[in-house]
Amino acid sequence: MSFCKTVGGKLVEIDNYWEFQVLSRMARNRRFPNFWIGITDMYSEGAWQKATTQGRQSYFNWYGSEPNSHGGYENCVEVKARRGMKWNDRACHIRWRFVCEK
Ligand SMILES: [Ca+2]
Ligand SMILES: [Ca+2]
(Lines give C-alpha, C1' and ligand atoms only; values in the text may rest on other atoms or scores of the structure.)
(Ligands and ions follow the chains in the order given, each with its own letter.)
Protein backbone atom coordinates (compact mmCIF):
# COMPACT_ATOMS: atom_id res chain seq x y z
CA MET A 1 0.00 0.00 0.00
CA SER A 2 2.76 2.43 0.89
CA PHE A 3 4.53 1.80 -2.41
CA CYS A 4 1.40 2.78 -4.32
CA LYS A 5 1.24 6.03 -2.37
CA THR A 6 4.85 6.72 -3.28
CA VAL A 7 4.03 6.59 -6.97
CA GLY A 8 0.90 8.68 -6.49
CA GLY A 9 -1.76 5.97 -6.63
CA LYS A 10 -3.40 3.37 -4.44
CA LEU A 11 -3.73 -0.39 -4.31
CA VAL A 12 -6.25 -1.38 -6.97
CA GLU A 13 -9.87 -1.52 -5.81
CA ILE A 14 -12.53 -3.65 -7.43
CA ASP A 15 -16.03 -2.21 -7.53
CA ASN A 16 -17.73 -4.75 -9.74
CA TYR A 17 -17.48 -7.81 -11.96
CA TRP A 18 -16.41 -5.86 -15.04
CA GLU A 19 -13.57 -4.07 -13.33
CA PHE A 20 -12.35 -7.41 -12.10
CA GLN A 21 -12.50 -8.89 -15.62
CA VAL A 22 -10.25 -6.12 -16.90
CA LEU A 23 -7.79 -6.63 -14.06
CA SER A 24 -7.82 -10.42 -14.48
CA ARG A 25 -7.03 -10.14 -18.16
CA MET A 26 -4.11 -7.82 -17.44
CA ALA A 27 -2.75 -10.16 -14.76
CA ARG A 28 -3.06 -13.17 -17.08
CA ASN A 29 -1.23 -11.37 -19.85
CA ARG A 30 1.60 -10.58 -17.46
CA ARG A 31 1.51 -14.08 -15.96
CA PHE A 32 1.10 -12.96 -12.35
CA PRO A 33 0.63 -16.14 -10.27
CA ASN A 34 -0.76 -14.17 -7.30
CA PHE A 35 -1.32 -10.56 -6.49
CA TRP A 36 -2.96 -8.36 -3.89
CA ILE A 37 -6.01 -6.21 -4.34
CA GLY A 38 -7.05 -3.30 -2.11
CA ILE A 39 -9.64 -4.98 0.09
CA THR A 40 -9.20 -5.67 3.79
CA ASP A 41 -11.03 -6.63 6.96
CA MET A 42 -8.21 -5.40 9.21
CA TYR A 43 -10.50 -2.79 10.78
CA SER A 44 -13.29 -5.16 11.69
CA GLU A 45 -12.99 -8.93 11.25
CA GLY A 46 -15.32 -10.21 8.55
CA ALA A 47 -16.35 -6.71 7.38
CA TRP A 48 -14.58 -6.28 4.04
CA GLN A 49 -13.73 -2.73 3.09
CA LYS A 50 -11.77 -0.93 0.43
CA ALA A 51 -8.28 -0.51 1.83
CA THR A 52 -7.81 3.12 0.86
CA THR A 53 -11.23 4.73 1.23
CA GLN A 54 -12.64 2.25 3.77
CA GLY A 55 -15.83 2.16 1.71
CA ARG A 56 -17.91 -0.99 2.00
CA GLN A 57 -16.99 -3.76 -0.44
CA SER A 58 -19.99 -5.30 -2.20
CA TYR A 59 -18.45 -7.32 -5.05
CA PHE A 60 -16.59 -10.52 -4.13
CA ASN A 61 -15.06 -13.42 -6.03
CA TRP A 62 -14.05 -15.77 -3.21
CA TYR A 63 -12.68 -19.24 -3.85
CA GLY A 64 -14.60 -22.20 -2.34
CA SER A 65 -14.60 -21.88 1.45
CA GLU A 66 -12.73 -18.57 1.53
CA PRO A 67 -12.56 -16.27 3.34
CA ASN A 68 -11.60 -18.63 6.16
CA SER A 69 -9.44 -16.29 8.28
CA HIS A 70 -6.91 -19.10 8.63
CA GLY A 71 -5.05 -18.72 11.92
CA GLY A 72 -7.20 -15.69 12.72
CA TYR A 73 -5.03 -13.08 11.05
CA GLU A 74 -5.87 -13.15 7.35
CA ASN A 75 -6.95 -9.58 6.66
CA CYS A 76 -5.82 -8.96 3.07
CA VAL A 77 -7.06 -10.38 -0.24
CA GLU A 78 -4.93 -12.20 -2.79
CA VAL A 79 -6.02 -13.24 -6.26
CA LYS A 80 -4.76 -16.66 -7.36
CA ALA A 81 -4.31 -17.35 -11.05
CA ARG A 82 -4.27 -21.12 -10.67
CA ARG A 83 -7.61 -20.96 -8.89
CA GLY A 84 -9.18 -19.19 -11.83
CA MET A 85 -8.52 -15.70 -10.38
CA LYS A 86 -10.61 -16.51 -7.33
CA TRP A 87 -9.92 -14.69 -4.08
CA ASN A 88 -8.37 -15.86 -0.83
CA ASP A 89 -8.00 -13.93 2.41
CA ARG A 90 -4.38 -14.06 3.41
CA ALA A 91 -1.99 -12.61 5.97
CA CYS A 92 -0.99 -9.16 4.77
CA HIS A 93 2.78 -9.42 5.16
CA ILE A 94 3.47 -11.82 2.27
CA ARG A 95 5.27 -10.23 -0.65
CA TRP A 96 3.15 -10.93 -3.67
CA ARG A 97 2.91 -8.57 -6.56
CA PHE A 98 0.30 -5.90 -6.28
CA VAL A 99 -1.42 -3.60 -8.72
CA CYS A 100 -1.67 0.15 -8.21
CA GLU A 101 -4.21 2.45 -9.80
CA LYS A 102 -4.48 6.20 -10.05
CA1 LIG B 1 -9.74 -11.34 8.53
CA1 LIG C 1 -7.77 -17.75 3.48
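Now for a look at the structure at hand. All values derive from a computational prediction rather than experimental measurement.

## Focus: the overall build of the protein
For step 1, the next point in the chain: A tally of helices and strands in the protein yields 2 helices and 7 strands.
For step 2, the next point in the chain: When the helices and strands of the protein are listed from N to C terminus, the series reads α-β-α-β-β-β-β-β-β.
For step 3, the next point in the chain: Relative to the globule expectation of 13 Å for 102 residues, the C-alpha radius of gyration of the protein, 13 Å, shows essentially globular dimensions.
For step 4, the next point in the chain: Each of the three principal axes of the protein carries a C-alpha extent, and together these read 30 × 30 × 25 Å.
For step 5, the next point in the chain: Burial statistics for the protein: of 102 residues in total, 25% are counted as buried.

## Re the environment of Asp-15
For step 1, the next point in the chain: As for its placement among the helices and strands, Asp-15 is situated in the loop between strand E1 (10-11) and helix H2 (17-29).
For step 2, the next point in the chain: You can call Asp-15 exposed: it has 12 C-beta atoms within 10 Å.
For step 3, the next point in the chain: As a C-alpha pair, Asp-15 and Trp-96 span 81 residues in sequence and 21 Å in three-dimensional space.

## As for the nonpolar core
For step 1, the next point in the chain: The biggest cluster of nonpolar side chains holds 14 residues, and the ones touching the most others in it are Leu-11, Val-12, Trp-36, Ile-37, Ile-39 and Val-77.
For step 2, the next point in the chain: Every element with two or more residues in this core is listed here: strand E2 (34-40) and strand E4 (76-80).
For step 3, the next point in the chain: Ranked by the residues each element gives to this core, the list is headed by E2, at 4 residues.
For step 4, the next point in the chain: Residues contacting Ile-37, with those up to four places away along its chain left out, are Leu-11, Val-12, Ile-14, Val-77 and Val-79.

## Remarks on the environment of Asn-88
For step 1, the next point in the chain: Assignment of secondary structure puts Asn-88 in strand E5 (residues 86-90).
For step 2, the next point in the chain: Asn-88 gets classed as buried once you count the C-beta atoms within 10 Å, which come to 20.
For step 3, the next point in the chain: Filtering out sequence-adjacent residues up to four positions away, Asn-88 remains in contact with Tyr-63, Glu-66, Glu-78 and Lys-80.

## Focus: the pairing of E4
For step 1, the next point in the chain: For E4, the buried fraction is high: 4 of the 5 residues fall into the buried class.
For step 2, the next point in the chain: Across 5 bridges, E2 lies against E4 in antiparallel orientation. Note that in E4 the partner of Thr-40 across the bridge is Cys-76.
For step 3, the next point in the chain: Of the pairings in the sheet, the one linking E4 to E5 comprises 5 bridges and is antiparallel in character. The residue bridging Val-79 from the neighbouring strand is Trp-87, located in E5.
For step 4, the next point in the chain: Counting the residues in the hairpin turn of E4 and E5 gives 5 residues, including Gly-84, whose phi is positive at 65°.

Parameters and conventions
- Residues numbered from 1 in each chain as written.
- Chains lettered and ligands numbered in written order.
- Predicted model: local features only at pLDDT ≥ 70, side-chain atom pairs only at ≥ 80, totals over all residues.
- Helix = DSSP H or I, 4+ residues; strand = E, 2+ residues; numbered from the N terminus.
- Rg over C-alpha atoms; globule rule 2.2 N^0.38 Å.
- Buried ≥ 20, exposed ≤ 12 C-beta atoms within 10 Å, placed from the backbone.
- Core = buried A, V, L, I, M, F, W, Y, C linked by C-beta atoms within 7 Å.
- Contact = placed C-beta atoms within 7 Å.
- Pairing = 2+ DSSP bridges.

Interpretation note: all reported values are geometric properties and have no functional meaning in isolation.
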